[in-house]
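Here are the chains, one letter per residue:
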Amino acid sequence: MTALPATPAPAPSGAGARTKIFTGPRILAGDGTEPEALAVRSGWIVAAGTRHDLRSAFPEAEEVALDGALVVPGFNDAHCHPSQAALARVRVDLNTLPDAGAVLSALRRQARRTPPGQWVVGQPLDERRIGVLDRDMLDQVSDSHPVLVIHYSLHRAVANSAGLAALGYRSPADAPPGGQLGVHADGRLDGHLVERAWLDPWLPGTGAASIAPYGTPSAQQAALKDVIAELHACGITSFCDALVTPAEQELYARTLAAGELTARVGMLLWHSYADPERLPGDGPDPLRLRTVGVKMMLDGALSGGTCLCRSPYPSATGTGNGLQILGDDEFTATVRAIDAAGGRVAVHANGDQAVQTVLDVIESLPGSGTRHRIEHCSLIDDSLAGRIARAQLITVPFGPFVALHGEKLLDYYGDRVDHVCAHRTLRDAGIVVAGSSDYPLAPPDPLLAIRSLVTRTTAAGTTVGAGQRIGAQDAVDVYTRGSAAASDDESVKGTLTVGRLADLAVLDTDLTTAEPDALPEIRIRSTWVGGECVYTSHH
């Protein structure tokens, strides 16, 4: 997990190296400048300036006239789960199924193709569309297969009776620390597994088998290519996959080796697979694929009402608060070991108590110089923001969650929503703030997230924390320069300037002058990675 060089030199001109001059609409370079044209060679920006000057400097260059209204650096989603979205498609994909009956039918078909005793897994479960599933309903699928349906949040799942038996769950007392088992009114397990109750079997660590089937390598790779193509259609050129195991690392590596990894990918390795003595190094093409940190999860979900807060709230756990997933001793020891080995930790911490715990541990480190990350960092106050700034932590808060879940956040957290997803407070404190969709938990479209950051309003018109609004150009900065810094890539991408990679998105409307509510209606005309087109709308 070594950092990229601070001053990369663009690839020299040589055999086969051809210069392109990109011209056309307004170019927001991301550093405050607006060049008329960019000269690109071997994937790098080698000059920026007026059309006349670049044509004079590169008379043999191919000219690429970009068709649209605005060019921005390629969007970079600093926390999302494309590999999980792909693997969901090679299991039992519930994304388009209309109701519980269709879900049960699809699971039965998979069970008929699966040897008895092997897991049948479906995802993602969206109860708003499908309705609530429980143990008894999943028992209709099979009594000879353990069956698991994973919620879209990745914070909970539902199992049938055979699944509960396979996991050794007979009563609520069998839940592991940091987990919870749901029960019927009569005290019988209802099949719902919260946090570590299903995460531990799914992500058991090195040397143990996961309960999740992975499908064939060819099916995995085809699904990943489809997912990445969909991200390119949103103007995304880079992303950080925020939960990988060696299986997902291998999927990305195979896709890269086949010449089919069109995005730039950083990976966060789940902590139970991370050996501090042997942290992953850079592979054959670190500009395209590398491991950038170790992922840990300290508390539960913001929109699911399981995050850990300092004061009580009407949480989904029924306890008046959320869950702490990792115990204090395990969390502290892991952070210290990864830091001592020169690695970066990226800690999922939503509630203010969880954020405080992260800070307590980070502040106790000897000062390695590593800039660690707080994923989500959802509920803070000015005091916590000051501590984050002094510790030089990088924050990766949700982008679109206010727009998508604002009413639910109000129900859970009340007045505390004034500091939910506190982009303004964090940026004003001088903290690096990266952009995150948490896809597939939310749509990946950065323009939806930018609308949320600019307006702080929901689809129903509810305003949530108006004081955290930021401007459209600042929101673009979050999804470009901020996200690049979150992976130690600010020296090579995040701006359209000389010495940076020619990764860019072309929009059909100038988002800096568009009405804020119209931002999600803006369309991507084309997306370019290293000066090569990876998506075009064909308009």
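Everything that follows concerns the structure shown earlier in this document.
This structure is a prediction, so every number in the text was calculated from the model and none was measured. (Residues numbered from 1 in each chain as written. Predicted model: local features only at pLDDT ≥ 70, side-chain atom pairs only at ≥ 80, totals over all residues. Heavy atoms only, no water.)

1. Side note on the overall build of the protein
Keep this limit in mind: The secondary structure listing takes helices from DSSP runs of H or I that are at least 4 residues long and strands from runs of E that are at least 2 residues long, numbered from the N terminus. Using a 1.4 Å probe on the protein chains alone, a residue whose accessible area is under 20% of its type maximum counts as buried, one over 50% counts as exposed, and one in between counts as partly exposed. Any pair of residues with heavy atoms lying within 4.5 Å of one another is described as a contacting pair. Only the protein chains shown count as covering a residue, and every accessible area follows the Shrake-Rupley method with a 1.4 Å probe. Charged residues are defined narrowly, with Lys and Arg counted positive, Asp and Glu counted negative, and His plus the chain ends left uncounted. Working definition for charges: the position is that of NZ of Lys, CZ of Arg, CG of Asp or CD of Glu.
Counting its regular elements, the protein contains 16 helices and 22 strands. With respect to the three principal axes, the spread of C-alpha positions in the protein is 80 × 50 × 50 Å. Of all 539 residues assigned to the protein, the portion counted as buried reaches 58%. Considering only contacts in the protein between residues 6 or more positions apart, those separated by 24 or more positions represent 73%. With an accessible surface of roughly 19700 Å², the protein has 50% of that area assigned to carbon and sulfur atoms. Charge separation in the protein, taken as the distance between the mean sites of 45 positive and 62 negative side-chain charges, equals 2 Å.

2. Considering the packing of helix 11 (residues 352-363) against helix 12 (residues 382-390)
Heads up, the rule is: An axis is simply a line fitted to the C-alpha atoms; with a helix, the fit covers only the stretch in contact. Between two such axes, the angle follows the N-to-C directions and lies from 0 to 180 degrees. Orientation labels follow simple angle bins: below 35 degrees gives roughly parallel, above 145 gives roughly antiparallel, 65 to 115 gives roughly perpendicular, and whatever is left gives oblique. Left-handed describes a crossing whose near helix is turned anticlockwise from the far helix through less than a right angle; right-handed describes the clockwise counterpart. Throughout this entry, Asp, Glu, Lys and Arg are counted as charged residues, while Ala, Val, Leu, Ile, Met, Phe, Trp, Tyr, Cys and Pro are counted as nonpolar. The remaining residues, Gly among them, count as polar.
It is at 11 Å that the axes of helix 11 and helix 12 come closest, and there the two elements cross at 30°. On the basis of their axis angle, the class for helix 11 and helix 12 is roughly parallel. Between helix 11 and helix 12 the crossing geometry is left-handed. Contacts from Asp 352, Val 355, Gln 356, Leu 359, Asp 360 and Glu 363 of helix 11 reach helix 12 at Leu 384, Arg 387 and Ile 388. When grouped by side-chain class, the residues that make up the contact of helix 11 with helix 12 number four nonpolar, one polar and four charged.

3. Here we look at helix 15 (residues 446-455)
To keep it simple, the criterion reads: Identification of polar contacts relies on pairs of N or O atoms within 3.5 Å, with a donor-acceptor requirement for protein atoms, meaning one able to donate a hydrogen and the other able to accept it, and with residues adjacent in sequence counted only if both atoms are side-chain atoms.
Across the 10 residues of helix 15, 10 count as buried, placing the element largely inside the fold. Among the residues of helix 15, Pro 446, Leu 447, Leu 448, Ala 449, Ile 450, Arg 451, Ser 452, Leu 453, Val 454 and Thr 455 are the ones counted as buried. Of the residues that open helix 15, the one with a side-chain oxygen 2.9 Å from the backbone nitrogen of Leu 447 is Asp 445. A positive phi of about 55° marks Arg 456, the residue just after helix 15.

4. Brief notes about the sheet that holds strand 7 (residues 75-80)
Note the following rule: Any two strands with at least two DSSP bridges between them are considered paired.
In spatial order, the strands read 7-14-15-16-17-18-19; together these seven strands make up an open sheet with parallel pairing. At either margin of the open sheet sits one strand with a lone partner, and together these are strand 7 and strand 19 (394-396). On average, each strand axis in the sheet is tilted by 25° relative to the strand beside it, whichever way the strands run. Bridge count between strand 17 (residues 345-349) and strand 18 (residues 373-376): four bridges; the pairing is parallel.

5. Notes on the nonpolar core
Within soluble globular proteins, side chains that are nonpolar tend to cluster in buried spots. Stated precisely, the cut-off is as follows: Among buried residues, those of type Ala, Val, Leu, Ile, Met, Phe, Trp, Tyr and Cys that are joined through side-chain atoms within 4.5 Å constitute a nonpolar core.
Judged by nonpolar contacts, the single largest core of 103 residues is most densely connected at Leu 148 and Leu 193. Residue contributions to this core peak at six residues, all from helix 11. Apart from the residues lying within four places of it in its own chain, the contact partners of Leu 193 are Leu 148, His 155, Arg 156, Ala 157, Ala 159, Leu 164, Leu 167, Tyr 169, Gln 180, Leu 181 and Trp 198. Grouped together as the second largest cluster of nonpolar side chains are 18 residues, Val 103, Val 120, Leu 138 and Val 149 included.

6. What about the packing of aromatic side chains?
Where we set the bar: By convention, a stacked pair of Phe, Tyr or Trp rings (six-membered ring in the case of Trp) has centres within 6.5 Å and planes under 30 degrees apart, an edge-to-face pair has planes over 60 apart, and any other such pair is tilted.
Under the counting rule described, the total for this entry stands at seven aromatic pairs. For the ring pair Phe 22 and Trp 528, a centre distance of 5.2 Å and an interplane angle of 85° mean the geometry is edge-to-face. Here Phe 22, found in strand 1 (residues 19-23), pairs with Trp 528, found in strand 21 (residues 524-529); they are 506 residues apart in sequence, far enough to count as distant. Residue Phe 22 is classed as buried on the basis of its relative accessible area of 0%. Given a relative accessible area of 11%, Trp 528 falls into the buried group. When the ring of Trp 198 is compared with that of Trp 202, the centres are 4.7 Å apart and the planes differ by 25°; the resulting orientation is stacked. Of this pair, Trp 198 and Trp 202 both sit in helix 7 (residues 196-202), four residues apart, roughly one helical turn. As far as the burial class goes, Trp 198 and Trp 202 line up, both buried.

7. Some remarks on the pattern of salt bridges
Counted only if it meets this: Salt bridges are defined by distance alone: a side-chain nitrogen of Lys or Arg within 4 Å of a carboxyl oxygen of Asp or Glu.
The full count for this structure, using the stated rule, is 29 salt bridges. Across the pair Asp 428 and Arg 424 runs a salt bridge whose closest N-O atoms are separated by 3.8 Å. Here the residue Asp 428 and the residue Arg 424 both occupy positions in helix 14 (residues 423-428), the gap between them amounting to four residues, near one helical turn. Overall, Arg 424 belongs to the partly exposed group, its relative accessible area being 31%. Across the pair Asp 477 and Arg 427 runs a salt bridge whose closest N-O atoms are separated by 3.1 Å. With a gap of 50 residues between them, Asp 477 in helix 16 (residues 472-486) and Arg 427 in helix 14 connect regions that are remote in the sequence. Salt bridges sharing partners connect three or more residues here, namely Arg 427, Asp 474, Asp 477 and Arg 481.

8. Points about the sheet that holds strand 4 (residues 44-49)
Spatial ordering of the open sheet is given by 4-3-1-5, a layout of four strands whose pairing is mixed. Taken across any chain shown, the strands that pair with only one partner, and hence form the sheet edges, are strand 4 and strand 5 (62-65). Between one strand and the next, the sheet's axes are offset by a mean angle of 25°, whatever the strand orientation. Pairing between strand 3 (residues 37-41) and strand 4: five bridges, direction antiparallel. Looking across to strand 4, one finds that Leu 38 is bridged to Ala 48.

9. So, the side chain of Thr 291
Tracing the backbone shows Thr 291 in strand 16 (residues 289-297). A distance of 3.2 Å separates a polar atom in the side chain of Thr 291 from a polar atom in the side chain of Gln 249.

10. Some details on the pairing of strand 13 (residues 189-195)
For strand 13, the buried fraction is high: seven of the seven residues fall into the buried class. Note: strand 11 (residues 156-159) against strand 13, three bridges, orientation antiparallel. Note on strand 13: the bridge partner recorded for Ala 157 is Leu 193. Counted between consecutive antiparallel strands, the loop separating strand 12 (residues 179-183) from strand 13 contains five residues, among which Gly 187 sits at a positive phi close to 90°.

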